[in-house]
There are 2 protein chains.
Amino acid sequence: MRMQKAQPKIKDVAHAAGVSTATVSRALTQPERLSEATREKVFEAIQATGYRVNRAARNLRTRRAGAILVLVPNLGNPFFSHILSSINEVLAANGYSVLVFDSQQHGASEQVVSDCLLNGSVDGLITLDGRVSDVTRQTLKNANMMRQVVFCCEWSDHLPVPSIRSDNALGTQMAVDHLVALGHRAIAHVTGPAENILGRVRKDAFSACCAAHGLDILPDWIIPGDFSLAAGVAAADRILAMGTRPTAVFCASDAMALSFISRCQQRGVSVPHDISVVGFDDIDLAAFSQPALTTIRQDRPGLGRLAAEELLAHLHGDQKSDGPHVIYAPISLIERSTTSAPAALRAEPGRVAKPAI
Amino acid sequence: MRMQKAQPKIKDVAHAAGVSTATVSRALTQPERLSEATREKVFEAIQATGYRVNRAARNLRTRRAGAILVLVPNLGNPFFSHILSSINEVLAANGYSVLVFDSQQHGASEQVVSDCLLNGSVDGLITLDGRVSDVTRQTLKNANMMRQVVFCCEWSDHLPVPSIRSDNALGTQMAVDHLVALGHRAIAHVTGPAENILGRVRKDAFSACCAAHGLDILPDWIIPGDFSLAAGVAAADRILAMGTRPTAVFCASDAMALSFISRCQQRGVSVPHDISVVGFDDIDLAAFSQPALTTIRQDRPGLGRLAAEELLAHLHGDQKSDGPHVIYAPISLIERSTTSAPAALRAEPGRVAKPAI
DNA sequence: TTGTATGCGTTATCAC
DNA sequence: GTGATAACGCATACAA
């Protein structure tokens, strides 16, 4: 029937071990600088007292926080949360806490970021959100925090910091080459949001690849989307209503690809028999949909891990890795069952060419 | 070409405003206790100097952290990350940071939790993971932190703290009643993991409901699963191989339901024509699958919000809400297109009874 | 209503 | 290799 026991402090440990507080502190942070005897004594005392270092006090003294802020656009999106998971793993293994914030929270984002960065509650920032406001950019400069920021997945060309990403242009090329190799020449593209860097890059790469292959892509076949399930449905409705339909569709996200396919099936159009579909991301469900989705795989664990490691390198002062350099995570085409030769070619399978990469 | 400007401290603001540091501090924490004149002066000085409170110093002094730890089993699972998002929203609005940790990280979980709780880097804990080790339980007791813990979604009966959850038994009953109302009497259940509280509760409720309806459920029809996509495929293979097949399946998660359906379609079995399927969760994809999934909707935003609000109430000392009470978030049956009357009844639609709830 | 002075628990700088 | 002691930046009890 007592109050809670007061948390033992470093002083209590020092007392129990018969040493000074300085020695206890050293045992915690640079054990190699103590004699083996005292080191043992101290650790025993720590065990005995149940001592835990007080983070606030340590942070105040060392001017570090032991925490990293991760900015995620839409936490509810499994693509991002999966990356967050692998970031969390690496940082936790290195003694850092992960502070997470959904950057799509109504407007509060900027305030939170600048607060965290300026009040020292965070040592660095990994952002999966490529939209960086002028205010935030200025905040980073003022706080001299430029070197403690890393982009992951998305990025902004206006902020000269390291960027971990997939090679989106290459992925797009893989998708288009795959379709062309199957014999498709009429290919549509459901894009990401215009304001999103990934949407833009993939769309531009799509146009470039089609041009390189000498394909004649109707303007109508570039269908604006936003990565969402709803956008895939809308795109399907648009394509099914077209006079001259494309024979294949490259969707900028798996979510759009999956809902696109569902909508087609619902309206009696078969995938890949009537139309081939390629997605982007390789989310978990892609392998389990019916038919299983052909898609471009992004290495989500790798993206998160690389971003975390890059940031750690900066925090620990590895100068070599400075500046706005780009690190690409592996990307690959996963051929499943939503792509096949177009109907027109199917009668003469001999014509299905090998990839002309 | 200078070093970064040193962060202004409270002393600098005091100087600029011509007041004492105490007054500045009060302006920050209890502005109403200042005269309007000085308050304005202070805020102007804050603006002018670009002052931000140093969190570490404040935390050390107030013995609070301004942060909440959220324990998520499998951050990569969109069901959880979506809840995390809504927790984040409420807590951020109340000035708390959210520290997140994936509790399925290999073993590190216990260490991290006890560290966070004992070293004061966190004011409270919301856990979406019902597995609470003896060590963690003891840690909570020792740190006298029992009143700063809230369960969300999952829970453990061995830890007497508030629990926000869906009424899983009711949801299960809704699913079974729905199928029975359609005329099904041979219903299978793909369960969650045996060690998971949700898996157990839903399975028990399923058996109870079937008994209440006088259904004869073969032991084989209770198929062990684990909420995953792979488990749905395995379950489909088992059911399709059965001599006497059930006419309907209640899956303990949407993930299993969706992959179950895909597998059925792949093997030429039509849903709902040959077999009806009900899921649990209502994840985003449920509405967009083909056919759209009939399922039990959990109110994910509500679950997160309620958990965050409950914890805030405790932190702010509302005694009324103490102890291991349970708060249920809304749950409902979402009828879509994966359920219909069983084949045997379809010839005589007159027999399709109304729900006998 | 405002100012003064102290301490929160650590780590870093000196001595020894 | 170890000990004494002064910050770190803020909030609050107490005094005015």
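Residues numbered from 1 in each chain as written. Chains lettered and ligands numbered in written order. Predicted model: local features only at pLDDT ≥ 70, side-chain atom pairs only at ≥ 80, totals over all residues. Heavy atoms only, no water.

Moving on, we come to the sheet that holds strand β8 (residues 248-251) of chain B. Where strands meet in a sheet, backbone hydrogen bonds hold them as pairs that are either parallel or antiparallel. Residues and elements named next belong to chain B. If you trace the six strands from one edge of the open sheet to the other, you get β7-β6-β8-β9-β10-β12, paired in mixed fashion. Each edge of the sheet is formed by a strand with only one pairing partner; in this case those strands are β7 (222-223) and β12 (331-334). By the bridge criterion, three bridges tie β8 to strand β9 (residues 276-281) in an arrangement that is parallel. Of the residues in β9, the one forming a bridge with Ala248 is Ser276. Most of the contacts of helix α11 (residues 254-266) go to β9, to which it runs at about 150 degrees, and overall it touches β6 (187-190), β8, β9 and β10 (294-298). (Pairing = 2+ DSSP bridges. Helix = DSSP H or I, 4+ residues; strand = E, 2+ residues; numbered from the N terminus. Contact = heavy atoms within 4.5 Å. Axes fitted to C-alpha atoms, helices over the stretch in contact; angles between N-to-C directions.)

All names here are of chain A. For strand β9 (residues 276-281), the buried fraction is high: six of the six residues fall into the buried class. Tracing the backbone out of strand β8 (residues 248-251), into helix α11 (residues 254-266) and back to the parallel element β9 gives a crossover that is right-handed. The sheet contact formed by β9 and strand β10 (residues 294-298) spans four bridges and is parallel. Bridging across to β10, Phe280 finds its partner in Ile296. (Buried < 20%, exposed > 50% of the residue type's maximum accessible area, 1.4 Å probe, protein only. Right-handed = clockwise from strand over helix to strand, strands pointing away.)

Attention shifts here to the packing of aromatic side chains. Applying the stated rule across the entire model yields six aromatic pairs over all chains. Ring geometry for B:Phe79 and B:Phe80: centres 5.7 Å apart, planes at 70 degrees, overall edge-to-face. Here the two residues B:Phe79 and B:Phe80 agree in accessibility, since each one is buried. Their ring planes at 25 degrees and their centres at 6.3 Å tell us that B:Phe206 and B:Phe250 sit as a pair that is stacked. Linking B:Phe206 in helix α9 (residues 197-212) with B:Phe250 in strand β8, this pair joins segments that are 44 residues apart in sequence. Judged on exposure class, the residue B:Phe206 and its partner B:Phe250 are both buried. Taken together, the aromatic side chains of A:Phe206, A:Phe250 and A:Phe280 make up a single cluster linked through ring pairs. Geometry around A:Trp155 places A:Arg165 over its ring, the cationic atom sitting 3.5 Å from the centre. A cation sits over an aromatic face here: B:Arg202 above B:Phe280, 3.8 Å from the ring centre. (Phe/Tyr/Trp six-rings, centres within 6.5 Å; stacked < 30°, edge-to-face > 60°. Lys NZ or Arg CZ within 6 Å of the ring centre and 35° of its normal.)

Our focus in this paragraph is the protein's contact with DNA strand D. The full set close to DNA strand D counts 26 residues, and A:Thr23, B:Lys9, B:Tyr51, B:Arg58 and B:Arg61 are the nearest of them. Protein-proximal atoms of DNA strand D, defined as those within 4 Å of the protein, fall in sugar or phosphate at a share of 60%. Contact distances for DNA strand D include 2.8 Å between a base nitrogen and a side-chain N or O atom of A:Arg61. Looking at the surface near DNA strand D, the elements that each hand over two or more residues are α2 (21-29) and α4 (55-62) of chain A together with α2 (21-29) and α4 (55-62) of chain B. Class assignment for the residues of the surface near DNA strand D results in nine nonpolar, nine polar and eight charged. (Near = heavy atom within 4 Å. Polar contact = N/O pair within 3.5 Å; in protein donor to acceptor, adjacent residues only side chain to side chain. Nonpolar A, V, L, I, M, F, W, Y, C, P; charged D, E, K, R; others polar.)

To continue, consider the sheet that holds β8(A). Residue and element names in this part refer to chain A. Ordered by their spatial adjacency, six strands build an open sheet running β7-β6-β8-β9-β10-β12, and the pairing between neighbours is mixed. Lying at the two open borders of the sheet, with one neighbouring strand each, are β7 (222-223) and β12 (331-334). Direction of pairing for strand β6 (residues 187-190) relative to β8: parallel, over a ladder of four bridges. Across the sheet, Ala188 pairs through a bridge with Val249, a residue of β8. Each of β6, β8, β9 and β10 touches α11; the most contacted strand, β9, lies at about 150 degrees to it.

Take the domain arrangement of chain A next. All names here are of chain A. Taken as a whole, chain A is organised into domain 1 (10-53), domain 2 (64-161 + 302-330) and domain 3 (168-293 + 336-346). Here the C-alpha centre of domain 3 lies 31 Å away from the C-alpha centre of domain 2. At the junction of the two partners, domain 2 supplies five residues and domain 3 supplies six residues. Here domain 2 meets domain 3 over a buried area of about 590 Å², counting both sides, of which 68% is carbon and sulfur. Across the contact surface, domain 2 and domain 3 share zero salt bridges. Linking domain 2 with domain 3 are one residue pair in polar contact (both at pLDDT 80 or more). (Domains from an automatic or database assignment. Buried area = accessible area lost by both parts, 1.4 Å probe. Salt bridge = Lys/Arg side-chain N within 4 Å of Asp/Glu carboxyl O.)

Across all of its chains, the model carries 20 salt bridges over all chains by this definition. With its nearest N and O atoms 2.4 Å apart, the salt bridge here joins B:Arg52 to A:Asp115. Here B:Arg52, found in the loop between α3 (36-49) and α4, pairs with A:Asp115, found in helix α6 (residues 108-118), and the two come from separate chains. In this structure, B:Arg137 engages B:Asp134 in a salt bridge whose closest nitrogen and oxygen atoms are separated by 2.8 Å. You can see B:Arg137 and its partner B:Asp134 sitting in helix α7 (residues 134-142), three residues apart, about one turn around the helix. You can call B:Arg137 buried: its relative accessible area is 14%.

Another point: the nonpolar core. Counting 58 residues, the largest nonpolar core has A:Phe260 and B:Phe260 as its most contacted members. Of all the secondary-structure elements, those providing two or more residues to this core are β6, α10 (229-240), β8 and α11 of chain A together with β6, α10 (229-240), β8 and α11 of chain B. If we skip the residues at most four places from it in the chain, A:Phe260 touches A:Gly232, A:Val233, A:Ala235, A:Ala236, A:Ile239, A:Val249, A:Ile275 and A:Val277. One finds A:Phe80, A:Val98, B:Leu91 and B:Ile126 within the second-largest nonpolar core, a separate group that totals 54 residues. (Core = buried A, V, L, I, M, F, W, Y, C linked by side-chain atoms within 4.5 Å.)

This next bit is on the protein's contact with DNA strand C. Around DNA strand C sit 25 residues, and of these A:Lys9, A:Arg61, B:Thr23, B:Arg26 and B:Arg61 come closest. Sugar and phosphate atoms constitute 67% of the interface atoms of DNA strand C, taking the interface as everything within 4 Å of the protein. Take A:Asn54: an N or O atom from its main chain is 3.2 Å from a phosphate oxygen of DNA strand C. Within the side chain of B:Arg63, a nitrogen or oxygen atom sits 2.7 Å from a phosphate oxygen of DNA strand C. Of all the secondary structure elements, the ones that give two or more residues to the surface near DNA strand C are α2 and α4 of chain A together with α2 and α4 of chain B. Of the residues in the surface near DNA strand C, the class split is nine nonpolar, eight polar and eight charged.

Now for the interface of chain A and chain B. Counting residues at the interface gives 49 residues for chain A, matched by 49 residues for chain B. Of the roughly 4300 Å² buried between chain A and chain B, counting both surfaces, carbon and sulfur atoms make up 59%. The largest share of the area that chain A buries against chain B comes from A:Arg52, A:Phe288 and A:Gln290, three residues that together contribute 15% of it. Across the chain A-chain B interface, the total number found is two salt bridges. Taken together, the elements giving at least two residues each to the side of chain A that touches chain B come down to α4, α5 (78-93), β2 (97-102), α6, α10 and α11 of chain A. Of the residues forming the side of chain A that touches chain B, the biggest block, eight residues, is contributed by α5(A). Of the residues belonging to the side of chain A that touches chain B, the class tally is 20 nonpolar, 23 polar and six charged.

With an RMSD of 0.1 Å, the operation that places chain A on chain B is a rotation of 180 degrees combined with a shift of 0.1 Å along the axis. Here the symmetry operator amounts to a two-fold rotation axis. (Least-squares fit on C-alpha atoms with pLDDT ≥ 70 in both.)

With that settled, consider empty space enclosed by the protein. For the structure shown, the criterion picks out one cavity of 30 Å³ or more. In this structure, the largest cavity spans a volume of roughly 200 Å³. What lines the largest cavity is a set of 15 residues, and nearest its centre among them are A:Ser289, A:Gln290, B:Ser262, B:Ser289 and B:Gln290. Secondary-structure elements contributing two or more residues to the lining of the largest cavity are α11 of chain A together with α11 of chain B. Grouping the constituent residues of the lining of the largest cavity by class yields seven nonpolar, eight polar and no charged. (1 Å grid on protein atoms, 1.4 Å probe; cavity = no way out; pocket = protein on both sides within 12 Å on 5 of 7 lines; lining within 4 Å. Points joined across faces, edges and corners; volume = space filled by probe spheres on them.)

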